[in-house]
Amino acid sequence: MAMWALLHLLTTALVFSWPLTPATANLEGDALFALRRAVKDPNNVLQSWDPTLVDPCTWFHVTCDGDNRVTRLDLGNANLVGSLVPELGKLERLQYLELYMNNLTGSIPKELGGLKSLVSLDLYHNNFAGSIPSSLSNLSNLNFLRLNGNRLTGTIPRKLTKLGSLKIFDVSNNDLCGTFPTSGSFSKFSEESFKNNPRLEGPELMGFVRYDITGNCK
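Right, let's walk through the structure included here. (Residues numbered from 1 in each chain as written. Predicted model: local features only at pLDDT ≥ 70, side-chain atom pairs only at ≥ 80, totals over all residues. Heavy atoms only, no water.)

Turning our attention to the sheet that holds strand E7 (residues 120–122). As summarised here, the arrangement of the 6 strands in space is E2-E3-E5-E7-E9-E11, forming an open sheet in which the pairing is mixed. Strands with a single pairing partner mark the edges of an open sheet, and in this sheet they are strand E2 (62–64) and strand E11 (168–170). Within the sheet, the average angular offset between the axes of one strand and its neighbour, ignoring direction, is 15 degrees. In this sheet, E11 lies alongside strand E9 (residues 144–146) in parallel orientation, the contact comprising 3 bridges. Opposite Phe-144, over in E11, you have Ile-168 as the bridge partner. (Pairing = 2+ DSSP bridges. Helix = DSSP H or I, 4+ residues; strand = E, 2+ residues; numbered from the N terminus. Axes fitted to C-alpha atoms, helices over the stretch in contact; angles between N-to-C directions.)

Take a look at the structure:
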C-alpha cells in the first residue's frame, strides 16, 4: 500500500509540474493552420505546415522562442491568395507579421489588435479592403505599420496617435478619406506616409474645423 501511495504522489506531482507549452503550441499551430486553410498556395511555401506535429516551430517561415511560442511569421512575397483569419490574434508572443506583396483580400481582422508583443505589421502591396481597425491602437510595442498599396477605405483612426513606439507608418496608395492626424506619434510623419489617397484632404487642422466634420467619409 505504501508503494502505491508513493507512486500516486509521484504521478500527481508530474501532472501538475508538466509545462503547458505543448497545449499552447497546439493552439498556435491551430491558429496558423486556419490561415493555411484560408489561402491558396501555388508555390507550396506552406507545404511543411503539418497540423499533426506537436508544435509549428519546425514549419518553414515560422520562428519560435525558447518556450516554443511563435514570434515571427515571414510570408512576404510568397504568392499567397486568400484572406487573413481572426485566429492569428491568438499568437500572443508574435513580434513580426510579414505578409507583404501577396494577393490577400478581404478586411484586416480586428483581432490583430490583440497581438500585444507585435513590433512589425507589414501588409503592404496586397488587396486588402475595408477600414483600418482601430484595435491596432492597442499594439503598444509596434514600431512599423505598413499598409500601403492596398484598397483600404474610411478614415485613419485617431486612436493610432497614441502608439508612442511607432517609427514608420505608411498608408500611401489606398483610398482613404477625410484628413490625417498630426498629433502624438503622427507629428513626426511626413505627407509621404499618406500620398496617393485621392480622397484624403490633407492634415487635420488642430483647433479649427476639420476637413472630415461632415461625416461623409466612408
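Moving on, there is more to tell.
Across all of its chains, the model carries 2 disulfides by this definition. Two residues, Cys-57 and Cys-64, share a disulfide whose sulfurs are 2.2 Å apart. Measuring handedness by torsion sign, the sulfur bridge of Cys-57 and Cys-64 sits at about -95 degrees and is left-handed. When the bonded cysteines of the protein are numbered from the N-terminus onward, they pair as 1-2, 3-4. (Disulfide = S-S within 2.5 Å.)

What follows deals with unusual backbone geometry. Glycine aside, a negative phi is what most residues show, and trans is what most peptide bonds show. Backbone geometry places Asn-79, a non-glycine residue, at a positive phi of 60 degrees. Tracing the chain through its elements places Asn-79 in the loop between strand E3 (70–74) and strand E4 (81–83). Of note in the backbone geometry, Met-101 takes a positive phi value of approximately 55 degrees without being a glycine. On the secondary structure map, Met-101 appears in the loop between strand E5 (96–98) and strand E6 (103–105). Overall, the relative accessible area of 39% leaves Met-101 in the partly exposed class. (Buried < 20%, exposed > 50% of the residue type's maximum accessible area, 1.4 Å probe, protein only.)

What follows concerns the side chain of Asn-174. Within the fold, Asn-174 resides in the loop between E11 and strand E12 (175–180). Only 3.0 Å separates the side chain of Asn-174 from the backbone nitrogen of Leu-152, close enough to count as a polar contact. Of the polar contacts made by the side chain of Asn-174, one reaches the backbone oxygen of Ser-172; its length is 3.3 Å. Beyond its immediate chain neighbours, meaning those up to four positions away, Asn-174 contacts Leu-147, Asn-148, Gly-149, Asn-150, Arg-151, Leu-152, Asn-196, Asn-197 and Pro-198. (Polar contact = N/O pair within 3.5 Å; in protein donor to acceptor, adjacent residues only side chain to side chain. Contact = heavy atoms within 4.5 Å.)

Turning our eyes to something else, we now look at the environment of Cys-64. Structurally, Cys-64 can be placed in strand E2. Between the C-alpha atom of Cys-64 and that of Leu-94, which follows or precedes it by 30 residues, the distance is 8.8 Å.

Moving on to the packing of aromatic side chains. Under the defined criterion, the tally for this structure stands at 8 aromatic pairs. Seen in terms of ring centroids, Phe-169 and Phe-194 are 5.9 Å apart; in terms of plane orientation they differ by 50 degrees. Their pairing is tilted. Residue Phe-169 is located in strand E11, and its partner Phe-194 is located in the loop between E12 and strand E13 (199–203); the two are separated by 25 residues in the primary sequence. Taking the centre distance of 4.0 Å and the plane angle of 5 degrees together, the rings of Phe-180 and Phe-194 count as stacked. Of this pair, Phe-180 sits in strand E12 while Phe-194 sits in the loop between E12 and E13, and the two are 14 residues apart along the sequence. Here Phe-180 matches Phe-194 in class, with each residue buried. Chaining the aromatic ring pairs together yields one cluster made of Phe-169, Phe-180, Phe-186, Phe-189 and Phe-194. In this arrangement the basic side chain of Arg-72 is found over the ring face of Tyr-96, its NZ or CZ atom lying 4.2 Å from the centre. (Phe/Tyr/Trp six-rings, centres within 6.5 Å; stacked < 30°, edge-to-face > 60°. Lys NZ or Arg CZ within 6 Å of the ring centre and 35° of its normal.)

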